[in-house]
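Now for the letters of each chain:
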Protein chains: 4
Amino acid sequence: MFTELKREAYEANLSLPRHGLINLTFGNASAIDRAQGIFAIKPSGVAYAGLKPADMVLIDLDGKQVQGSLRPSSDTPTHRRLFLAFSEIGGVVHTHSSHATAFAQAGREIPIFGTTHADYFSGNVPVTRKMTSAEIGGGAYEWETGNVIVELFAQRSLNPADYPAVLVNRHAPFTWGNTVAKAVEVAVATECIAHLALMSLQLEPELSTIEPELLNKHFKRKHGPGAYYGQSGC
Amino acid sequence: MFTELKREAYEANLSLPRHGLINLTFGNASAIDRAQGIFAIKPSGVAYAGLKPADMVLIDLDGKQVQGSLRPSSDTPTHRRLFLAFSEIGGVVHTHSSHATAFAQAGREIPIFGTTHADYFSGNVPVTRKMTSAEIGGGAYEWETGNVIVELFAQRSLNPADYPAVLVNRHAPFTWGNTVAKAVEVAVATECIAHLALMSLQLEPELSTIEPELLNKHFKRKHGPGAYYGQSGC
Amino acid sequence: MFTELKREAYEANLSLPRHGLINLTFGNASAIDRAQGIFAIKPSGVAYAGLKPADMVLIDLDGKQVQGSLRPSSDTPTHRRLFLAFSEIGGVVHTHSSHATAFAQAGREIPIFGTTHADYFSGNVPVTRKMTSAEIGGGAYEWETGNVIVELFAQRSLNPADYPAVLVNRHAPFTWGNTVAKAVEVAVATECIAHLALMSLQLEPELSTIEPELLNKHFKRKHGPGAYYGQSGC
Amino acid sequence: MFTELKREAYEANLSLPRHGLINLTFGNASAIDRAQGIFAIKPSGVAYAGLKPADMVLIDLDGKQVQGSLRPSSDTPTHRRLFLAFSEIGGVVHTHSSHATAFAQAGREIPIFGTTHADYFSGNVPVTRKMTSAEIGGGAYEWETGNVIVELFAQRSLNPADYPAVLVNRHAPFTWGNTVAKAVEVAVATECIAHLALMSLQLEPELSTIEPELLNKHFKRKHGPGAYYGQSGC
């Protein structure tokens, strides 16, 4: 069972190196079946070339492996934490895509400098605080990675639908969407806008972020009740 | 029935991701039949993979959709504005190509630093002023985007044939040509010279633009009555 | 004889241009049979396109060519020096991959700014001192290149398993691993983290390296008795 | 006749976009038959996709077109000037490859920062002075482009075999070799070392060029009577 769920997760994982977002085995994608409370995720450290849909590992929201002979991605607890906290998302993607990761390593938000960014995000791509020694070394590092993301969104009252990506400080981006395919699309967009922002900063180190009207216009063209981009209203 | 026009527009749209100018569905190309006053443009938000020539949407110069079951690109009013103002152009291309978009986000012209640039442009690639809140939020955002381009060319008396591209501030480039295929070629050149200019500025932050004689020589090698580049005289 | 060893070395060499690590004929990979004290290495200056497994040259640890009609890579003495000094490594890779080479040319370590780096290295990727005129001109340049690497690891008590790459000052990276395939993987990772570091420095010129807890956590996730990344315990 | 000469020139021209050195139709390659004093060069402004060996245009050293129905590359007089001045070269390549062109636009030599560079050049890649208005506008622009190159090599007593490339100020690189295939290889190397140099300068803006011993060692490994790189002695 869960054949379709595993196929979706599989295809999302395979699309990551095809989009140039993944080197080696850095990165993973997961898709959740909300009705069953089960998500499918990539096995840990397996080369993309040999991956099959049946290799996807099934995990429930308590963290129990319910199917699959391979060990799940070591980042599984981060995915689980996000699925628990952000109840409307259907998929999570983690990459070490180069430009977005450069911002994460530098501990900086990706500033919103143009409409490309505003087509996907309602503001800067946020960055977490650094994790504490206790969080890192206490035996639940990957779960705590999810916690610092959830903490940031709670403290700043960010809606995950308006901010579908985060940079984990010193680490790399996580993205999400109503489906895992959408989470992949956001991962592509995140890398793209990080590249644009890096070059814009090179041209104008003190560049200000875009005007609120333009931000709202572009975000709303694609999201919400008034959206008119694409073939459907959302 | 405009089969050839739709095929031209289709092929131009498909060539954009092939040239590395487009990520996801950012970007669109259109071709006009001047005799009929009808242009063909990409449908909105449709993936390039599934696009067919018959999917191209036909629009007249009053903005009425005259053929096609899909919704046209949300940027259609910008294309229409340019076709109306620049009466000699046969095609328009819009991309978010990365280096050109970095200049647009920074609100800077692409300075003319070498002969590669002068082979296509008679000076810096101009950048529009920022749009006002009224222009953005007044319900005709994409039409107003065209207006700020037209205003810039009028105020500075720029000939669209000598300056076949513009950067929309905070947004990205638009290019044009006597055919849509030529507009694609200019889009490739615009991205290329933006990349060259960014690196030249990294080497020499105060670099001056090229000498007028060299600019004229290279531009005239390829354009106008004395042109001797290529196999025909123009 | 040594058919498998030559095949491993051949495949590692061929994978270098496929990973974008090699331009022209810059670079080489070797694999050692520790029981026999024989290693297989690429012939010198032969185009990758025409390379065959049988072209690999066999060299013993005294530097004697024991098989092969072609001249071995001119960097063979550097590989031999590393095999002699680092008794647990099974393969060596040398590339001129662009971002790592930029750090080597600048004589700078690749600073450890994030978890991508810590997945492979227990600290900064070290850089050798410059070579002396005597070392360069004394007739054993490539052997001396190995010597400055070995000297650096001895002086700083670096374990080659914790630091599986080095930058030779003014030159380029060498990497290693328990197999030559692993040395290729480290070469890919080295180029990747050099790219990340360069961009991180562009964003934050004074960026500090990562906190020791995070470094240890990520390195230990993948290495040593407590490793839990991938499908086996090491 | 000259079938072989035209095939060599054709293959060199086709390899330029394959190596990523050429966008659109920027660039050209030529091969000379020294015994007959005839060279084959690309026709002007013809797309690479449709090019055939028979399209190559034959020109003699007086500049007369001796075969071919198409107009030769507009840069033909520059090639001819180089063939006349540098009597030992067999092929010339001109590209607008991005990193090398950035140095040309900035009017800066490519500084020799490492051994990759020294494998091909006996020092910095030189840059010409800017051309005068008379040289640009006097009706023989492309011939004068060759003249400023020849003037530079004469004034600084540079041997074209030791410095097989030049940057034309505000324009782009020209490279050469004993064959046109070698000139293509040097064009690849020139782009590669320009990329390395740009990044090295980003890391260390005041970086000094490499020590003379290391420069000589690497250049001599590959060139001249003591060369030991590759399978032959030269």
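A short tour of the structure in this document, coming up. (Residues numbered from 1 in each chain as written. Chains lettered and ligands numbered in written order. Predicted model: local features only at pLDDT ≥ 70, side-chain atom pairs only at ≥ 80, totals over all residues. Heavy atoms only, no water.)

1. Quick notes on the arrangement of the chains
No part of chain B reaches chain C; the closest C-alpha pair between them is 12 Å apart. You won't find any contact between chain A and chain D; their C-alpha atoms come no closer than 12 Å. (Contact = heavy atoms within 4.5 Å.)

2. Quick word on the pattern of salt bridges
Summed over the entire model, instances satisfying the criterion amount to 48 salt bridges over all chains. Between D:Glu142 and B:Arg221 there is a salt bridge; the shortest N-O distance is 2.6 Å. In this pair, D:Glu142 is assigned in helix 6 (residues 141–155) and B:Arg221 in helix 8 (residues 212–222), connecting two distinct chains. The residues D:Glu142 and B:Arg221 share a single accessibility class, namely buried. Of the charged contacts in the structure, one is a salt bridge between C:Lys52 and C:Asp55, with a shortest N-O distance of 3.7 Å. Overall, C:Asp55 belongs to the buried group, its relative accessible area being 15%. (Salt bridge = Lys/Arg side-chain N within 4 Å of Asp/Glu carboxyl O. Helix = DSSP H or I, 4+ residues; strand = E, 2+ residues; numbered from the N terminus. Buried < 20%, exposed > 50% of the residue type's maximum accessible area, 1.4 Å probe, protein only.)

3. Overview of the interface of chain D and chain B
In this assembly, 31 residues from chain D lie in contact with 35 residues from chain B. Between chain D and chain B, a total of about 2900 Å² is buried, with carbon and sulfur atoms accounting for 55% of that surface. On the chain D side of the interface with chain B, the three residues burying the most area are D:Arg71, D:Gln105 and D:Arg170, jointly 24% of the side's total. Where chain D meets chain B, there are five salt bridges. Its salt-bridge partner being D:Arg108, residue B:Glu204 comes within 3.6 Å of it at the nearest N-O pair. Inspection of the region where chain D meets chain B yields 15 residue pairs in polar contact (both at pLDDT 80 or more). A breakdown of the residues in the side of chain D that touches chain B according to their chemical character gives twelve nonpolar, 13 polar and six charged. (Buried area = accessible area lost by both parts, 1.4 Å probe. Polar contact = N/O pair within 3.5 Å; in protein donor to acceptor, adjacent residues only side chain to side chain. Nonpolar A, V, L, I, M, F, W, Y, C, P; charged D, E, K, R; others polar.)

4. A few points about the nonpolar core
Formed by 104 residues in total, the largest nonpolar core has its most connected members in A:Phe103, B:Phe103, C:Phe103 and D:Phe103. Dropping the residues within four chain positions of it, A:Phe103 is found in contact with A:Arg108, A:Glu109, A:Ile110, A:Pro111, A:Leu167, A:Ala194, A:Ala197, A:Leu198, A:Leu201 and C:Leu203. (Core = buried A, V, L, I, M, F, W, Y, C linked by side-chain atoms within 4.5 Å.)

5. Structural notes on the relation of the copies chain D and chain B
The transform that puts chain D on chain B rotates by 90° and translates by 0.0 Å along the axis, for an RMSD of 0.0 Å. Taken together, these values place the two copies in the relation of a four-fold axis. Measuring from the rotation axis to each C-alpha of chain D, the shortest distance belongs to D:Gln202, at 5.8 Å. When you check the interface residues of chain D against chain B, a mere 3% turn up at the interface there too, and the two sides of the contact use different surfaces. (Least-squares fit on C-alpha atoms with pLDDT ≥ 70 in both.)

Keep in mind that these numbers describe shape and distance, not what the molecule does.
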